[in-house]
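Okay, here's what each chain looks like letter by letter:
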Amino acid sequence: MTAAVDPFIHLVGVSKTYRSGRKQHLAISDASFDVMPGELVALVGPSGCGKSTLLKILSGLHPHDGGELRMGSATHPFDPARDVGMVFQAPLLLKWRRIIDNVLLPAELLGLPMREARERARSLMAMVGLAGYEEKYPYELSGGMQQRAAIARSLVHDPKLVLMDEPFGALDALTREKMNLELLRIWKESGKTIVFVTHGISEAVFLGTRVVVFTAGPARMADNFEIELPHPRTLDIKTHERFGAYTRRIYKLLGMD
């Protein structure tokens, strides 16, 4: 008999309210879902619905006000400062540092042994398709290549969880499609647990092992379902009927049918 696997992230009724003087803004009203180890979970919903706020809660940057949030386990405790990697919409590379030194930044901040970290950084740059670009500066790379460097940076300290906040939103459509494919490859090779925020419905279905749908702010979870599409995924899967059924399901939840 296979032993049951505990969720890596467990949320029940999580809420968040921002307060400024007498004013209050409810950003998240109810978030309840699990993320299993090694999953790539896509959070999808309209802009401003609280998805990024939820990522900040998961990263430890913001506390939640209500509900239950559990990350890690008794045998594998979770430390957000050490165990989270972040990728944002903009690569946020330091323009005066070479790409290898940008990738190494989390290792430096955490005080990790730099010889081993540098070897890992070079290995990660090869994994994301940037071998040979170690000594380049950010301005010498395209937008897609800069985002590859940001992904390598998020992995260099070997985090347990990678949080991605619309990381391909600023890229052109063709580059974004290519980066979707690259992300799936990197996810498979790294074995990381990833939570990916997007407002792209097709992107959420294409990437996710599970999709969590949020309605307009304050964020309220409208649905949470597995994406039963085979791996490895290629772009032609978007023409399949099951893919279309998943996207129509999300459109209906968001009142766009």
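The structure we're discussing is the one just above.
Here goes a summary of the coordinates provided. (Residues numbered from 1 in each chain as written. Predicted model: local features only at pLDDT ≥ 70, side-chain atom pairs only at ≥ 80, totals over all residues. Heavy atoms only, no water.)

What follows is about the overall build of the protein chain. Looking only at helices and strands, one finds 9 helices and 9 strands in the protein chain. On C-alpha atoms alone, the protein chain measures out to a radius of gyration of 18 Å, which is about the 18 Å that the 2.2 N^0.38 rule sets for 257 residues. Dimensions along the principal axes, computed over C-alpha positions, put the protein chain at roughly 50 × 50 × 45 Å. Element-wise, carbon and sulfur atoms account for 54% of the exposed surface of the protein chain, whose accessible area totals about 12,600 Å². Here the protein chain holds 32 positive side-chain charges and 29 negative ones, and the gap between their average locations is 4 Å. (Helix = DSSP H or I, 4+ residues; strand = E, 2+ residues; numbered from the N terminus. Rg over C-alpha atoms; globule rule 2.2 N^0.38 Å. Areas by Shrake-Rupley, 256 points an atom, 1.4 Å probe, with all protein chains shown as cover. Lys, Arg positive; Asp, Glu negative; His and termini not counted. Charge placed at Lys NZ, Arg CZ, Asp CG, Glu CD.)

Our next topic: helix H9 (residues 241–253). Compared with the 18 Å implied by 1.5 Å per residue over 13 residues, the 19 Å span of H9 between its first and last C-alpha is a close match. Three or more residues of H9 are buried, namely Phe 243, Gly 244, Tyr 246, Thr 247 and Ile 250. Projected down its long axis, H9 shows its buried positions confined to an angular sector of 160 degrees, all on one face. In this structure, H9 carries Glu 241 and Lys 252 as exposed residues pointing more than 90 degrees from its buried face. Looking one or two places after H9, you find Gly 255, whose phi comes out positive at around 70 degrees. (Expected span 1.5 Å × (residues − 1). Buried < 20%, exposed > 50% of the residue type's maximum accessible area, 1.4 Å probe, protein only. Arc of directions from axis to C-beta.)

Let us look at helix H6 (residues 143–155). Taking 1.5 Å per residue as the helical rise, H6 with its 13 residues ought to reach 18 Å, and the 19 Å between its terminal C-alpha atoms agrees with that figure. Of all 13 residues in H6, 12 are buried; the element is thus mostly enclosed. Looking at H6, one finds that the buried residues are Gly 144, Met 145, Gln 146, Gln 147, Arg 148, Ala 149, Ala 150, Ile 151, Ala 152, Arg 153, Ser 154 and Leu 155. Looking at the packing, one finds that the buried side of H6 touches strand S5 (84–87), helix H3 (99–103), helix H4 (105–109), helix H5 (114–127), strand S6 (161–165) and helix H7 (173–190). (Contact = heavy atoms within 4.5 Å.)

Below, the discussion takes up the pairing of strand S7 (residues 193–198). Most of S7 sits inside the fold, with 6 of its 6 residues counted as buried. Neither face of S7 is open: one carries Thr 193, Val 195 and Val 197, the other Ile 194, Phe 196 and Thr 198, and all of them are buried. As defined by bridge partners, strand S3 (residues 40–44) adjoins S7 across 5 bridges and the pair is classed as parallel. Its bridge partner lying in S7, Val 41 is registered against Val 195. With 5 bridges connecting them, S6 and S7 associate as parallel partners. Paired with Asp 165 across the two strands is Val 197, which belongs to S7. Once the chain exits S6 it traverses H7 before rejoining the sheet at S7, and the crossover so formed is right-handed. (Pairing = 2+ DSSP bridges. Right-handed = clockwise from strand over helix to strand, strands pointing away.)

Relative to the helices and strands, His 10 resides in strand S1 (residues 9–20). In contact with His 10, other than residues within four places in its own chain, are Phe 33, Asp 34, Glu 68, Leu 69 and Arg 70.

Turning next to the packing of H6 against H7. The interhelical angle for the contact between H6 and H7, taken along N-to-C directions, is 25 degrees, at an axis separation of 11 Å. Our classification of the angle between H6 and H7 gives roughly parallel. In this structure, H6 crosses over H7, and the sense of that crossing is right-handed. Contacts between H6 and H7 involve Gly 144, Arg 148, Ile 151 and Leu 155 from the first element and Thr 175, Lys 178, Met 179, Glu 182 and Ile 186 from the second. Class assignment of the residues belonging to the contact of H6 with H7 gives a composition of 4 nonpolar, 2 polar and 3 charged. (Axes fitted to C-alpha atoms, helices over the stretch in contact; angles between N-to-C directions. Parallel < 35°, antiparallel > 145°, perpendicular 65-115°, else oblique. Left-handed = near helix turned anticlockwise from the far one by under 90°. Nonpolar A, V, L, I, M, F, W, Y, C, P; charged D, E, K, R; others polar.)

The final tally for this structure, using the stated rule, is 5 aromatic pairs. Taking 6.5 Å as the distance between ring centres and 70 degrees as the angle between the ring planes, the aromatic pair formed by Phe 33 and Phe 214 counts as edge-to-face. Of this pair, Phe 33 sits in strand S2 (residues 23–35) while Phe 214 sits in strand S8 (residues 210–214), placing them 181 residues apart in sequence. Accessibility expressed as a relative area gives 3% for Phe 33, which makes it buried. Seen from their ring centres, Tyr 137 and Tyr 139 are 6.4 Å apart, and the 15 degrees between their planes marks the pair as stacked. The exposure class of Tyr 137 is partly exposed, given its relative accessible area of 24%. For Lys 238, the ring lying beneath its charged end belongs to Phe 206, and the centroid distance is 5.1 Å. The positively charged end of Arg 249 is found above the aromatic ring belonging to Phe 225, 3.9 Å away from the centroid. (Phe/Tyr/Trp six-rings, centres within 6.5 Å; stacked < 30°, edge-to-face > 60°. Lys NZ or Arg CZ within 6 Å of the ring centre and 35° of its normal.)

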